[in-house]
Each structure stands twice: as C-alpha cells, then as structure tokens.
Amino acid sequence: MEENNSKKRILVVEDEKTISKVLEINLLMAGYMCDTAFDGEEGLQKAQSGNYDLILLDIMLPKRDGFSVCREVRKTLSTPIIMVTAKEEEIDKVMGLDLGADDYVTKPFSIKVLLARIKANIRRSSGEVVEFHHPVQHSAGTIVIRGLVIDPENFRVEKDGKEIELTRKEFEVLLILASSPGKLFSREELLEKVWGYEDFFGGIRTVDVTMSRLRSKVEDQPAEPEYILTKRTKGYYIPA
Ligand code: CA
C-alpha cells in the first residue's frame with residue numbers, strides 16, 4: 001500500500017537518464033520518496049548524508065564505479081544497497097567481493113520484481129537486524145552437527161573448535177538447513193526464506209552462489225561436501 005512506503009526515501013544512482021527517470025516515476029508511484037544521482041561521486045556524496053532507507057546502485061558509473069561507492073558507503077552506514085548489474089559476469093564480482101551490498105538485480109529487470117525486492121530489503125533492515133524465518137524459531141539453542149556448532153543467539157559458527165566467519169546470508173542458509181537435518185530445501189524455498197522474495201527468476205543463482213561460498217568455508221573439501229549436500233537438482237540438505 002502506498003502509505004507503507006510513503007516515508008521511505010530511496011536514492012537512485014544511475015547514469016542512464018532514461019532508466020533513472022523510469023525508476024524515479026515507478027518509485028514515486030509506489031509511494032516512495034526518490035532522489036537521483038547521475039555519477040558515482042554525486043551518488044556517494046548523497047548516500048553519505050544518511051538520508052536514505054535504501055540505495056539502488058548501478059555498477060558502471062562515471063567518475064566512480066558502483067563497487068567503490070558501495071565500499072565507501074559501508075564504512076559508515078548500513079543502509080541497504082541493491083546493486084544493479086548490466087552483465088551476468090558482474091554478479092559473481094558483486095557476490096565475491098564482499099562489498100557489503102545486500103542484494104543485486106540484473107538489467108533488464110522487471111519493475112514489479114525490483115519493487116518487491118526494495119520492499120523486502122527495507123523491511124529487513126528496519127526490523128530485526130538478523131531476521132530469521134519460521135524454521136529457525138525452533139532453534140533457540142545451539143545446534144551441533146558433528147564438528148559443526150551453530151549458535152544462533154550469538155550469530156556464531158564453529159567447526160572443530162575454530163570460528164568460521166560467515167556473512168549474514170550464509171549464516172541464515174546454514175541455520176535453516178541445520179535446523180531440519182535430513183530435510184531437503186529447494187533453492188526456491190531457500191530464496192524465499194532467506195532473501196524474502198518468491199517470483200524472481202535470477203534468484204536461484206543467488207542461492208547457488210551463496211551455497212558455494214558457504215561450502216568453501218564450512219567443508220574441508222568443498223567438491224566432496226560432507227555437511228551441505230545436493231540432491232540432484234532438487235535442492236540442498238544437511239544429512240541427519
Ligand atoms: Ca551505468
């Protein structure tokens with residue numbers, strides 16, 4: 001509803017004027033307040049004012065690219081950032097760099113999907129810092145699976161006594177799987193639970209990328225995982 005969005009301010013950093021205009025119009029129609037910046041310097045300056053509830057950040061920008069803007073903003077602010085990538089190849093870079101971006105979309109994107117994700121990201125950031133979805137509720141206590149210790153309260157994972165640093169998304173995925181050992185979770189299911197949106201086509205890839213990074217941290221031999229297993233193309237699970 002319009003009222004829910006009316007006080008939320010979104011900064012659109014996009015050098016292509018047509019795209020920027022389309023985004024601005026759609027955001028206004030959805031009830032958001034919208035501000036625009038057309039290059040990386042201007043974007044960074046405006047972002048650092050801290051006046052926004054979410055930043056939509058293009059990657060290829062004049063003066064300063066989106067990677068650099070994102071990194072700078074993250075030094076001082078936790079404003080949700082959705083990166084806008086023009087190429088598939090950029091996704092791996094976004095995911096791999098640990099820039100602190102919360103999400104990404106690939107051009108061309110559907111406005112409907114984009115709006116859903118803006119909403120999901122704002123909701124998540126303005127609510128609980130770490131918002132877990134239903135299955136996790138069961139696991140008030142620490143979960144131990146062989147050498148793997150997952151402590152949801154302290155957001156901490158240890159393997160064989162050594163702490164493993166996970167991003168929030170990696171942690172949430174691991175916790176969901178570990179909360180129901182033996183249960184198979186489809187990628188769509190994980191996407192919906194962890195990222196909070198359903199009808200998003202590129203999304204499954206997000207799950208796979210996160211999963212492969214999670215495995216590289218948790219597994220001794222990621223190619224032959226012993227914790228996080230795949231059932232053909234059906235999904236992921238941790239064996240009971
Ligand atoms: Ca651009």
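Residues numbered from 1 in each chain as written. Predicted model: local features only at pLDDT ≥ 70, side-chain atom pairs only at ≥ 80, totals over all residues. Heavy atoms only, no water.

Asker: Sorry if this is basic, but what is going on with the overall build of the protein here?
Answerer: Each helix and strand counted, the protein has 9 helices and 11 strands in total. Accessible surface computed for the protein: about 12000 Å², of which carbon and sulfur atoms make up 51%. (Helix = DSSP H or I, 4+ residues; strand = E, 2+ residues; numbered from the N terminus. Areas by Shrake-Rupley, 256 points an atom, 1.4 Å probe, with all protein chains shown as cover.)

Asker: Can you walk me through the coordination of the calcium ion in this structure?
Answerer: A four-donor tetrahedral metal ideally has 109.5 degree angles, and a six-donor octahedral metal ideally has angles of 90 or 180 degrees. Only Asp 15 (OD), Asp 58 (OD) and Met 60 (O) from the protein reach the calcium ion as donors, at distances of 2.1 to 2.3 Å. Donor residues for the calcium ion, ordered by position in the chain, follow D-x42-D-x1-M. On the basis of relative accessibility, which here comes to 51%, the residue Met 60 falls in the exposed class. (Donors = N, O, S within 2.8 Å, 3.2 Å for Na, K, Ca; no water. Buried < 20%, exposed > 50% of the residue type's maximum accessible area, 1.4 Å probe, protein only.)

Asker: What am I meant to see in helix H7 (residues 168–179) here?
Answerer: The α-helix advances 3.6 residues per turn, and as a result positions three or four apart in sequence lie on the same side. Here H7 contains 12 residues, and its C-alpha end-to-end distance of 16 Å stays within 8% of the 16 Å for a straight helix at 1.5 Å per residue. With 10 of its 12 residues buried, H7 lies for the most part within the structure. Those residues of H7 lying buried are Lys 169, Glu 170, Phe 171, Glu 172, Val 173, Leu 174, Leu 175, Ile 176, Leu 177 and Ala 178. (Expected span 1.5 Å × (residues − 1).)

Asker: In this structure, what is going on with the nonpolar core? I would like to understand it.
Answerer: Taken as a class, soluble globular proteins show a tendency for nonpolar side chains to be buried jointly. Counting 27 residues, the largest nonpolar core has Ile 150, Leu 174, Leu 177, Met 211 and Ile 228 as its most contacted members. Sorting the residues of this core by element identifies strand E6 (143–145), strand E7 (148–151), H7, helix H8 (187–195) and helix H9 (203–218) as the ones contributing at least two each. Take this core: its biggest share by element is 7 residues, from H7. Among residues more than four places away in sequence, those in contact with Met 211 are Val 173, Leu 177, Leu 190, Ile 228 and Tyr 236. Among the nonpolar cores identified, the runner-up in size contains 18 residues, and Ala 47, Phe 67, Val 73 and Ile 81 belong to it. (Core = buried A, V, L, I, M, F, W, Y, C linked by side-chain atoms within 4.5 Å. Contact = heavy atoms within 4.5 Å.)

Asker: Please clarify how the packing of aromatic side chains should be interpreted in this entry.
Answerer: Two aromatic rings, taken as a pair, are described by how far apart their centres are and by the angle between their planes. Counted according to the given criterion, the structure contains 0 aromatic pairs. The aromatic ring of Phe 38 is capped on one face by Lys 17, whose charged end is 4.7 Å from the ring centroid. Above the ring of Phe 185, the side-chain terminus of Lys 183 is found at 4.4 Å from the ring centroid. (Phe/Tyr/Trp six-rings, centres within 6.5 Å; stacked < 30°, edge-to-face > 60°. Lys NZ or Arg CZ within 6 Å of the ring centre and 35° of its normal.)

Asker: Teacher, can you tell me more about the environment of Thr 233 here?
Answerer: In this structure, Thr 233 sits in the loop between strand E10 (229–231) and strand E11 (235–237). Judged by relative accessible area, which is 67%, Thr 233 ranks as exposed. Along the backbone, Thr 233 and Ser 186 are 47 residues apart, and their C-alpha atoms lie at a distance of 8.6 Å.

Asker: Where do I start with the confidence of the model for the protein in this structure?
Answerer: Close inspection of predicted coordinates is inappropriate for parts of the model with low pLDDT. When pLDDT is averaged along the protein, the result is 82; 85% of the residues meet or exceed 70. This model gives residues 128–139 a pLDDT under 50, and the stretch forms 22 contacts once residues within four places in sequence are excluded. (pLDDT = per-residue confidence, 0-100.)

Asker: How do you make sense of the sheet that holds E7 when you look at a structure like this?
Answerer: What the 4 strands build is an open sheet, ordered E6-E7-E8-E9; its pairing is antiparallel. Bordering the open sheet on either side are E6 and strand E9 (162–164), each of which pairs with just one other strand. Averaged over all adjacent pairs, the angle separating strand axes in this sheet is 25 degrees, with direction ignored. Where E6 meets E7, 3 bridges bridge the pair, whose relative direction is antiparallel. Considered in E7, the bridge of Val 144 is made with Val 149. Docked against the sheet, H7 engages E6, E7 and strand E8 (156–159), running at close to 110 degrees with respect to E7. (Pairing = 2+ DSSP bridges. Axes fitted to C-alpha atoms, helices over the stretch in contact; angles between N-to-C directions.)

Asker: So what exactly am I meant to see when it comes to the pattern of salt bridges here?
Answerer: Pairs can form between side chains of opposite charge once their charged atoms are near each other. In this structure the tally under the stated criterion is 14 salt bridges. A salt bridge links Glu 42 to Lys 46; the shortest N-O distance between them is 3.3 Å. In this pair, Glu 42 and Lys 46 are both assigned in helix H3 (residues 40–47), 4 residues apart and thus about one turn of the helix distant. When its relative accessible area of 26% is taken as the criterion, Glu 42 is described as partly exposed. (Salt bridge = Lys/Arg side-chain N within 4 Å of Asp/Glu carboxyl O.)

Asker: Help me understand the environment of Glu 90 in this model?
Answerer: Position of Glu 90 relative to the elements: it lies in helix H5 (residues 88–96). A relative accessible area of 9% means that Glu 90 is categorised as buried. Sequence spacing of Glu 90 and Tyr 104 is 14 residues, and the spatial spacing of their C-alpha atoms is 10.0 Å. Beyond its immediate stretch of four places on either side in the chain, Glu 90 contacts Ile 59, Met 60 and Thr 85.

Asker: Is there a simple way to explain the pairing of strand E4 (residues 81–85) in this structure?
Answerer: Within a regular beta strand, the side chains point alternately toward one face of the sheet and then the other, so they alternate between its two faces. Judged by how many residues are buried, E4 sits mostly within the fold: 5 of 5 residues are covered. Burial along E4 is two-sided: Ile 81, Met 83 and Thr 85 and Ile 82 and Val 84, pointing in opposite directions, are all buried. Bridge analysis of strand E3 (residues 54–58) against E4 gives 4 bridges, and the strand direction is parallel. Counted as the bridge partner of Asp 58 is Val 84 from E4. Since E3 and E4 lie parallel, the crossover through helix H4 (residues 66–76) that links them has a hand, and here it is right-handed. (Right-handed = clockwise from strand over helix to strand, strands pointing away.)

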